[in-house]
Every structure is written in C-alpha cells, then in structure tokens.
Amino acid sequence: MTDAADLRRRTADLLAAHPPKDTGRLDFLRARFDAGLAWVHFPEGLGGLDAPRSLQAVVDAELAAAGAPDNDPGRIGIGLGMAAPTLLRYGTDEQKQRFLRPLWTGEEVWCQLFSEPGAGSDLAALATRAVRDEDGDWVVDGQKVWTSSAHLARWAILVARTDPAVPKHQGLTYFVCDMTDPGVDVRPLRQITGEAEFNEVFLSGVEIPDAHRLGAVGDGWQVARTTLMNERVAIGGARSAREGGMIGVAAAAWRDRPELRTHDLHQRLLTFWVEAEVARLTGERLRQQLAKGQPGPEGSGMKLAFARLAQRISGWEVEFLGEDGLTYDDWTLRRPEGVDFTGREAGYRYLRAKGNSIEGGTSEVLLNIVAERVLALPPEPRTDKDVAWKDLPR
C-alpha cells in the first residue's frame, strides 16, 4: 500500500528525472500525471496510485519546496473539481484515457453547460433537447447561461433532455460537448463587475457522438448530482490558511487603517473572523470525510456558508473604507480567466461576491438540500414529481 514515504520517494524520482528548472512546464505536468502524482487517489494510469486522498498534501508539499510548476488550478477549476470526478465515476475506459490527462495538465479547459434562462434554479426543468439521429448519435438544440470559462473551454459537461414524455428528473442524459463544434455560439455576459467572466451559450444543431455520453440514457440527473456535489465542495470547501481569503484582506485593512476604526466595526469584524475560522475548520473535516469516499450533501452547507460570509465580509470592508471602498480600477469589458477575490480592490470584491449566492446552486436551493438531506426535515411539497415534463406549465 502506498504510504507517505513511498510518495516522497516517487516525488524525488520525478524531480530527478525532470528537474523543474530544466523542464518545460507542460512537459513536467505531463510527467507528473504519468507518475501517478497528479491526484494520488485516482487509479493507476489515470494520474493516480490508488493511494489515500489525504496523502496528496505530501506530494504537493515536496513539489512546492522544489519550485515545481502547478497546473494553474484557478484557471481549470471546473475541469478539476467537477468534470474529473464525474468522468472517473461514470466515464468509460476510453473516455477516461482521452480526457483526464489534458484536463489535469490544463491543455484543455472545461466548462459546465447546466443552467438555463428558462429553468431558473430548478436544473431538472431544463429544456435543451438532445434527439437521437439515424446513426445513433445526438443532435442538441437549446440555450445555456451563466457558463463560466465558456470562452476558454475546449470541452463542456452538458445535461440535455432526451425524453420529454417522462417526469423531469427521469428524461435527462449527460454528455461531453465539444465547444469547437459547429453550432456552438458563446456570447459574453457582462456582469455588475463590468467583466464578462460568465457567458451564455447557444446550441444549434450541435452533433454529439454517442461515445461522448456519460452514463445511461435517461440517467443524466444521477450523473449530474455527482457533478453538483463536487462543485459545491470545490466552491465552498477549498483549503485555506487561518485568516486566509477575504477575512484576511479585511483584517489587513483593519490593521492598516487605525483612523477608520469604530467599536461597532470592530465587533462585527471579530464575529466574521470567528465565523471564517469555523468555516475553515469545518472544511478540513469535510475534506477528511472526502478522503473516505464521495462527497455528500454536507458540501452544500459549506458552499452556503461561504457565499453568506463572503458577502458579509465584503460589505463590511466597503463600509469600513468609506469613500475609498467605492473606487474601482477598470470598468472595461474584459473576459478574465478566473476570479481574484483577494488581489483586486474592495469594490470589486463587494460586487463579485453577489454572484456567490447564485453560482454553484442558489442559496435557496442549498437551504432545501441541507434541510432535507442533512437535517432530515420533511421535504417541501412538490406537485411536479410525477408529471411528464412536456405537460408542466411554462
């Protein structure tokens, strides 16, 4: 069984064969993947060694100390946090071999074609259609929205309706969509920050081979739940140091600007600091649970807490800084490769944090998940569970 000592030895062998100073970044990342040191808990041959997930930190620490390049996880977060675990669980051997290596190295960026303008936060009500052609492949038509990184993506994970004659959760199928195919139209969606980090995507007669289907026809909701649970962990459960992230920025502002301090602001900052530390420690516990298996609904609670805390801290920071908190560096329409919550000014953090309660599942939906699946409270009455999707009022 692979242990920490074995991983240190394997990492040392990788560094000896591919010294970071003398090896191109992409060549090093490919070699790391092939050595099983990308995500050690994945199977051998797919970037891992079937080792305990908790031992990934051993590899990361050794490589960081040696100055080895990383795979820019902020840029490829959707692939790492959502597509990869779904491919691992539901993909065929051919799909895993084709997609996982360039996904991890960052050679191919992924996006998520889930949300739709007509479905709101009810993902299962989506209307994008996938119809099978005479060759057994699929033709997709529809519209998706709030798609992060679609302007950068080579591939997308896509949920579409393949059977409108059954209840909404039963008629969905999950696909991998080539974002370079004819019929895929990506348009920028300008946000309150001035940027177009999100996009809307129009799908017109997009042909998807059946070989790019994940899971069985009609099992798309089950496959999508795996993606969603991992997404919420990726958003709300990211590892951070004590006083890291947005609470660290707020605490630094408090220390740097003593002339702006008031008793009320101090009390509120202390409350946020404690809540941020509780969330950090809860995230550590969640990651320990993840090391033993698939993520559960607890990730929804973490994502919910992250969104609320980010909005409250950013609001406090703008209030604390007064007129300085209202400054903004550049309102030019840009299409960034990621989100920078700590490297921009307070005004950006305040505006961007508004999206935290929408992306990755709205806070209202997550409250229902926590209530029903974590606290085992009675579910909300639902009148559409046994009604064919085509018969639902719209």
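Parameters and conventions
- Residues numbered from 1 in each chain as written.
- Predicted model: local features only at pLDDT ≥ 70, side-chain atom pairs only at ≥ 80, totals over all residues.
- Heavy atoms only, no water.
- Helix = DSSP H or I, 4+ residues; strand = E, 2+ residues; numbered from the N terminus.
- Rg over C-alpha atoms; globule rule 2.2 N^0.38 Å.
- Buried < 20%, exposed > 50% of the residue type's maximum accessible area, 1.4 Å probe, protein only.
- Contact = heavy atoms within 4.5 Å.
- Lys, Arg positive; Asp, Glu negative; His and termini not counted.
- Charge placed at Lys NZ, Arg CZ, Asp CG, Glu CD.
- Pairing = 2+ DSSP bridges.
- Patch = residues over 30% accessible without salt bridge, like charges linked within 9 Å, V, L, I, M, F, W, Y side chains within 5 Å.
- Areas by Shrake-Rupley, 256 points an atom, 1.4 Å probe, with all protein chains shown as cover.
- Salt bridge = Lys/Arg side-chain N within 4 Å of Asp/Glu carboxyl O.
- Phe/Tyr/Trp six-rings, centres within 6.5 Å; stacked < 30°, edge-to-face > 60°.
- Lys NZ or Arg CZ within 6 Å of the ring centre and 35° of its normal.
- Polar contact = N/O pair within 3.5 Å; in protein donor to acceptor, adjacent residues only side chain to side chain.
- Axes fitted to C-alpha atoms, helices over the stretch in contact; angles between N-to-C directions.
- Left-handed = near helix turned anticlockwise from the far one by under 90°.
- Nonpolar A, V, L, I, M, F, W, Y, C, P; charged D, E, K, R; others polar.
- Parallel < 35°, antiparallel > 145°, perpendicular 65-115°, else oblique.
- Expected span 1.5 Å × (residues − 1).

### Description of the overall build of the chain
Here's step 1: Of the regular secondary structure elements, the chain holds 11 helices and 8 strands.
Here's step 2: What you see for the chain is a C-alpha radius of gyration of 22 Å, in line with the 21 Å of a compact globule of 394 residues.
Here's step 3: Along the longest, intermediate and shortest principal axes, the C-alpha atoms of the chain span 70 × 55 × 45 Å.
Here's step 4: Classification of the 394 residues of the chain by burial places 49% in the buried group.
Here's step 5: Restricting to contacts in the chain with at least 6 residues of sequence separation, those with at least 24 account for 70%.
Here's step 6: Within the chain, the 58 negative side-chain charges are centred at a point lying 4 Å from the centre of the 48 positive side-chain charges.

### Quick look at the pairing of strand β1 (residues 110-113)
Here's step 1: Residues W110 and Q112 point to one face of β1 and C111 and L113 to the other, with burial holding for every one of them.
Here's step 2: Alignment of β1 against strand β4 (residues 155-161), held across 4 bridges, turns out to be parallel. Along β4, the bridge assignment pairs Q112 with I157.

### Thoughts on a nonpolar patch on the surface
Here's step 1: A surface patch of nonpolar side chains, about 260 Å² in accessible area, is lined by V374, L375 and L377.
Here's step 2: Structurally, the position occupied by V374 is in helix α11 (residues 363-374).
Here's step 3: For V374, a relative accessible area of 38% gives the class partly exposed.

### Regarding the pattern of salt bridges
Here's step 1: Considering all chains together, one arrives at 34 salt bridges under this definition.
Here's step 2: Residue R132 pairs with D210 through a salt bridge whose shortest N-O separation is 3.1 Å. With R132 in strand β2 (residues 129-132) and D210 in the loop between β7 (198-208) and β8 (213-214), this residue pair connects regions lying 78 residues apart in the sequence.
Here's step 3: Owing to a relative accessible area of 41%, R132 belongs among the partly exposed residues under this scheme.
Here's step 4: R344 is the partner of D329 in a salt bridge, and the nearest nitrogen-oxygen pair spans 3.3 Å. With D329 in the loop between α9 (298-321) and α10 (346-352) and R344 in the loop between α9 and α10, this residue pair connects regions lying 15 residues apart in the sequence.
Here's step 5: Overall, D329 belongs to the partly exposed group, its relative accessible area being 46%.
Here's step 6: The exposure class assigned to R344 is buried, which follows from its relative accessible area of 16%.
Here's step 7: One salt-bridge network, in which partners are shared between bridges, spans E195, D329, R334, R344 and E345.

### Side note on the packing of aromatic side chains
Here's step 1: With the rule as written, the count across this model stands at 12 aromatic pairs.
Here's step 2: On the numbers, 6.4 Å between centres and 45 degrees between planes, the contact of F33 with W104 is tilted. Taken together, the residues F33 in helix α2 (residues 25-34) and W104 in helix α5 (residues 93-105) connect sequence positions 71 residues apart. For the pair F33 and W104, one class covers both residues: buried.
Here's step 3: An aromatic cluster of at least three residues, connected via ring pairs, comprises F99, W110 and W155.
Here's step 4: Lying across the ring of F202, R187 places its NZ or CZ 4.0 Å from the centre.

### A short note on the side chain of E108
Here's step 1: Summarising the element assignment, E108 is placed in the loop between α5 and β1.
Here's step 2: Using a relative accessible area of 13% as the deciding quantity, one classes E108 as buried.
Here's step 3: Separated by 2.9 Å, the side chains of E108 and R98 make a polar contact.
Here's step 4: With near-sequence residues (within four places) excluded, E108 lies in contact with R98, P102, L103, R154 and W155.

### Observations concerning the packing of helix α1 (residues 4-17) against helix α3 (residues 56-65)
Here's step 1: It is at 9 Å that the axes of α1 and α3 come closest, and there the two elements cross at 35 degrees. Judged by the twist between their axes, the crossing of α1 over α3 is right-handed. Of α3, the residues touching α1 (which contributes A4, L7, R8, T11, L14 and L15) are V58, V59, E62 and L63.
Here's step 2: The class makeup of the residues in the contact of α1 with α3 is 7 nonpolar, 1 polar and 2 charged.

### Some thoughts on the packing of helix α4 (residues 77-90) against α5
Here's step 1: Between α4 and α5, whose axes approach to 10 Å, the crossing angle comes to 160 degrees. As judged from the angle between their axes, α4 and α5 are roughly antiparallel. Crossing angle aside, the handedness with which α4 passes α5 is left-handed. Contacts between α4 and α5 involve G79, L80, A83, A84, L87, L88 and Y90 from the former and Q95, K96, F99, L100, L103 and W104 from the latter.

### Quick look at helix α7 (residues 245-256)
Here's step 1: A rise of 1.5 Å per residue sets the reference length of α7, with its 12 residues, at 16 Å; its end C-alpha atoms lie 17 Å apart and thus fit the reference within 8%.
Here's step 2: Every buried residue of α7 is listed here: M246, I247, G248, V249, A250, A251, A253 and W254.

### Quick word on the environment of T342
Here's step 1: Along the chain, T342 turns up in the loop between α9 and α10.
Here's step 2: As for T342 and G244, which are separated by 98 residues in sequence, their C-alpha atoms are 9.4 Å apart.

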